[in-house]
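# Remarks on the overall topology
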Amino acid sequence: MFILFGVFLLTFLIIISIAIIRVKSLFSAVMLSGIFSLLMAANFFILDAADVALTEAAIGAGITTVLFLAALALTRETEQRETHSRVPLLVLAIAAAPIIFATFDKPRLGDPNAPVHQHVAPWYLEKTPELIGIPNVVTAVLGSFRGYDTLGEVFVIFTAGIGVLFVFGVHQRKAAISGGELAQQARGIRHHLIPRIIGKIFIPVILLFALYVQFHGEYGPGGGFQAGAIFAAGLILYSLLEGVDKALQKFPPKVLPWFVASGALLYALVGFVCLALGGNFLDYSVLHSNPVVGQHIGLILIEIGVGVTVFGVMLSIFLAFAARESK
Amino acid sequence: MSFANHVIIFLVAVPLAVAPVISLLRVRHLPWLMACITSLFVFVLSIQLTQSVLHSGDVTYALGSWPAPYGIELRAGALTAMMTVIVSGVSTMALWFGRYGIYVEVGEQRAHYFYAAWMLVLAGLLGIAVTGDAFNVFVFMEISSLATYVLIAGGPDRRALTAVLKYLIMGTIGATFYLIGVGLVYMMTGTLNFADMEIRLADVENLRPVLVAAGFITVGLALKAAIFPLHVWMPNAYTYAPSAVAVFLSACSTKIALFILLKFDFFVFQKNLAGHDVQFSWFLMPLAAIAIIFGSAVAINENNIKRLLGYSSVAQLGYILMGASFVTYLGLSGGILHIFNHALIKATLFMAVACVFYRVRSAELKDFAGIAQKMPWTMAAFVLAGVALIGVPFTAGFTSKWLLIKAALEAGVVGYLLLAVVLIGSLMALVYVWKVVELAYFKPATADLSRVSEAPLMMRIPLWIMVLMTLYFGIDPSYPVRLANAAAVSLLGHLS
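Below is a summary of the structure that appears in this document. The structure displayed is predicted, hence computed values, not measured ones.

### Digging into helix 4 (residues 111–130) of chain B
Given a rise of 1.5 Å per residue, 20 residues ought to cover 28 Å, and the 29 Å separating the end C-alpha atoms of helix 4 of chain B matches this to within 8%. Within helix 4 of chain B, 20 of the 20 residues are buried, which leaves it mostly tucked inside the rest of the structure.

### Here we look at the layout of surface pockets
A volume near 1,600 Å³ is recorded for the second largest pocket. Together, 39 residues line the second largest pocket, and Val87, Pro88, Leu89, Val91 and Leu92 of chain A are the ones closest to its centre. When residues of the lining of the second largest pocket are traced back to their parent elements, those giving at least two are helix 1 (2–22), helix 2 (26–46) and helix 4 (87–102) of chain A together with helix 6 (159–189) and helix 8 (208–224) of chain B. The leading source of residues in the lining of the second largest pocket is helix 4 of chain A, at 10 residues.

### Structural notes on empty space enclosed by the protein
All names here are of chain B. Applying the stated criterion across every chain yields a total of four cavities of 30 Å³ or more. Quantified by volume, the largest cavity comes out at close to 140 Å³. Looking at the lining of the largest cavity, the elements with two or more residues in it are helix 4, helix 5 (134–153) and helix 10 (243–269). Residue contributions to the lining of the largest cavity peak at five residues, all from helix 10. For the lining of the largest cavity, a count of residues per class yields eight nonpolar, five polar and one charged. In this structure, the second largest cavity occupies an estimated 60 Å³ of space. Around the second largest cavity, the lining residues are Phe97, Gly98, Gly101, Ile102, Glu105, Ser243, Ala244, Ala354, Phe357, Tyr358, Arg361 and Met459. For the lining of the second largest cavity, the secondary structure elements donating two or more residues are helix 3 (78–105), helix 10 and helix 13 (329–360).

### A few points about helix 7 (residues 194–204) of chain B
Residues three or four positions apart in an α-helix share a direction because the helix packs 3.6 residues into each turn. Residue and element names in this part refer to chain B. All buried positions along helix 7 are accounted for by Phe194, Asp196, Met197, Glu198, Leu201 and Val204. Elements in contact with the buried residues of helix 7: helix 5, helix 6, helix 8 and helix 10. At the N-terminal end of helix 7, a side-chain oxygen is found 3.0 Å from the backbone nitrogen of Ala195, two or three residues along, and the residue is Asn193. Of the residues one or two after helix 7, Asn206 is the one with positive phi, at around 65 degrees.

### What to know about the pattern of salt bridges
A complete count under the given rule lists eight salt bridges over all chains for this structure. Here Arg28 of chain B and Glu108 of chain B are joined by a salt bridge, their closest N and O atoms 2.7 Å apart. Linking Arg28 of chain B in the loop between helix 1 (7–24) and helix 2 (30–56) with Glu108 of chain B in the loop between helix 3 and helix 4, this pair joins segments that are 80 residues apart in sequence. Of the charged contacts, one joins Glu302 of chain B and Arg307 of chain B as a salt bridge, the two residues approaching to 3.6 Å between their closest N and O atoms. Assessed through its relative accessible area of 14%, Glu302 of chain B is described here as buried. One continuous salt-bridge network, built from bridges that share partners, spans Arg146 and Asp149 of chain A together with Asp133 of chain B.

### A word on the nonpolar core
Tyr148 and Phe281 of chain A together with Trp118, Tyr178, Phe248, Phe264 and Phe269 of chain B are the most contacted members of the largest nonpolar core, which has 280 residues in total. Among residues more than four places away in sequence, those in contact with Tyr148 of chain A are Leu282 of chain A together with Ile9, Val12, Leu63, Ile72, Leu74, Asn136 and Phe140 of chain B.

### Considerations on the interface of chain A and chain B
Each partner contributes residues to the interface: chain A has 50 residues there, and chain B has 62 residues. Contact between chain A and chain B buries roughly 5,000 Å² in total, counting both sides, with carbon and sulfur atoms accounting for 74%. On inspection of chain A and its partner chain B, the count reaches one salt bridge. Between chain A and chain B we count 12 residue pairs in polar contact (both at pLDDT 80 or more) in total. Breaking the side of chain A that touches chain B down by element, the ones donating at least two residues are helix 4, helix 5 (115–118), helix 6 (120–131), helix 7 (137–145), helix 8 (147–167) and helix 13 (256–276) of chain A. Considering each element in turn, the side of chain A that touches chain B owes the most residues, 15 residues, to helix 8 of chain A. Across the side of chain A that touches chain B, the residue classes break down as 36 nonpolar, eight polar and six charged.

Criteria and cut-off values
- Residues numbered from 1 in each chain as written.
- Chains lettered and ligands numbered in written order.
- Predicted model: local features only at pLDDT ≥ 70, side-chain atom pairs only at ≥ 80, totals over all residues.
- Heavy atoms only, no water.
- Helix = DSSP H or I, 4+ residues; strand = E, 2+ residues; numbered from the N terminus.
- Expected span 1.5 Å × (residues − 1).
- Buried < 20%, exposed > 50% of the residue type's maximum accessible area, 1.4 Å probe, protein only.
- 1 Å grid on protein atoms, 1.4 Å probe; cavity = no way out; pocket = protein on both sides within 12 Å on 5 of 7 lines; lining within 4 Å.
- Points joined across faces, edges and corners; volume = space filled by probe spheres on them.
- Nonpolar A, V, L, I, M, F, W, Y, C, P; charged D, E, K, R; others polar.
- Contact = heavy atoms within 4.5 Å.
- Polar contact = N/O pair within 3.5 Å; in protein donor to acceptor, adjacent residues only side chain to side chain.
- Salt bridge = Lys/Arg side-chain N within 4 Å of Asp/Glu carboxyl O.
- Core = buried A, V, L, I, M, F, W, Y, C linked by side-chain atoms within 4.5 Å.
- Buried area = accessible area lost by both parts, 1.4 Å probe.

Take a look at the structure:
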């Protein structure tokens, strides 16, 4: 069954990719890339990476599609004709050949004797319950054992947010496209009454789900990255239905940079507090007299940091595009 | 908490944590001031790190107190320490120097985001330098690259945006190649820690995924390091970036990629892949030679001084690479010393050009005609740094080229050929430096220079500090030479 699903999904993935390259209508391309992301999410899911799947579905299929649609509202709907050069194809072939060559000696997927499963992974599986005391090993690795990488990733997202704010900025009164217009321009839906009402019902559910994902990370797939993205998706949906103007009133642009910055800062400060209490940087064990409780406190704090920054950056990026003056 | 044990993490964590704070400061000059103080603080720390590395060997640090390879380990040897000094030192000087220019070029409105991005570049480059973990390199590469794109996009010319897009695409391909390589190594070894990788690769050496990984990592990092012929993004990115950014990046960003390339190839692959040292040599040596001749030739024909300096960097990176490709003690220490010297010299040259740009609003060669009469201090600095770039004795450029020449003489027949390349390259550097000097000193002004005056004192002071350091390290190179020698020993130590 597993093989069958895998082959089916991957074949479909290739077909969709070719379709994205060949299709001339940009709107179709955006929709197809949404499907591409959903397929990727399904792929991740059957490989037991549920948290990655969740992120891919929320960001890849959800927010990215919305961002593309917002961008489409500012440009044309069909691709401009241009002569395609063969150089990218050549580069692709040159890059792909060695990867295929490399797979001949690679261990089989899921082989218990593969080095990947023999070295650090068993240690994580064995020690997590004792050292961190949570059932989700992925969260333990991301948040604690390799928490420094995750700190880095949060700052990658922070940097992206800074970049968008620097280049585009988010302006209060310049919003020229209302949600209705955006929906019409982008999707050509004339009767948008039904999506509007259904959407409105969905928003509180989405926000609540985001909170659940945020605080569920230790027990199952979830955590700050996914939660921040889902929360932002809820508000983006709101601004699509009610208009960017109205969303900007609810969420004044002056507040956004605070969200972008405070999450990343919180994460870094947790690291410094650990230092001040006598541990190494990001050593949460010193946060409480009981090291395991200390780890819990640390994980919850950094996950909040992650969630806040991801939410702030996602919303900033959306508003920076959607609230641009259309010419 | 004993401060001394945590110096290495402070190098990364302090600028990282300062970045979000700066992004919220909208008060005039405060973002700049805070960035300067942070950068200076980090520079002092990196000097301290260098001292302790020279005295008591490698410094390690376990993040989250988890032992490697389960947690992430920071590790600093001589080469790392030198990179941190270069990055934080040039960043401090460029920030001090760039204050006026950045207000004009970037605008006061969004300066706080700009300085936040600067801190992120600083933290990212230092993070790459001090880590002992291959995936962690990628994470900090992402931070520094993204933030670099932001800095360059702040350039006053709209062409900065197309230059940045090109850089972004190339940089992303480079980083992706690196990640593919790391993924393949991880698949075969189950570890991401450099030291652990070296040991565990011995079991799977010469299997296809490892060979392919070595290829992907080398090509990806070569792209990031702007090694010929993968340099096409670099000159334009420097040309259209704000002047102070060009100063910072020209000295640091490509060299960090080169540093990781050396680290990966020497620490991880040399020992484990049969004949890797020979392949490494034969692959990079011709590229280095071509880079020197080609970069210099294009520089001679350039009419924009910033781009001229960019192509000169392509050539100078060739010298560094040539030193590494000898895979000998002399060659490596010459190449590594040239990393230090070139950072100093090229930052100084970009500073001098930035001074002229600040007054004349142009970096076109023709607009430099007669400028020396109006800006004698600036052009004198340019001449001295230019002399160092050529490699004249008693300047920093000489010592590293001297080591490279000695290394070439050791290398037999091929060595004589490379010796010729080094000498021809130096003569070509003389030609393109002279081109600027001749115009600035001996040609009458073509444009109206009556309103042009010398650059502000606060730009000239850092510029001249850099010039004096260039001269100082030409006369007494013992400190960088000691570091370069220690670095060469440690790189070769993995090759037995």
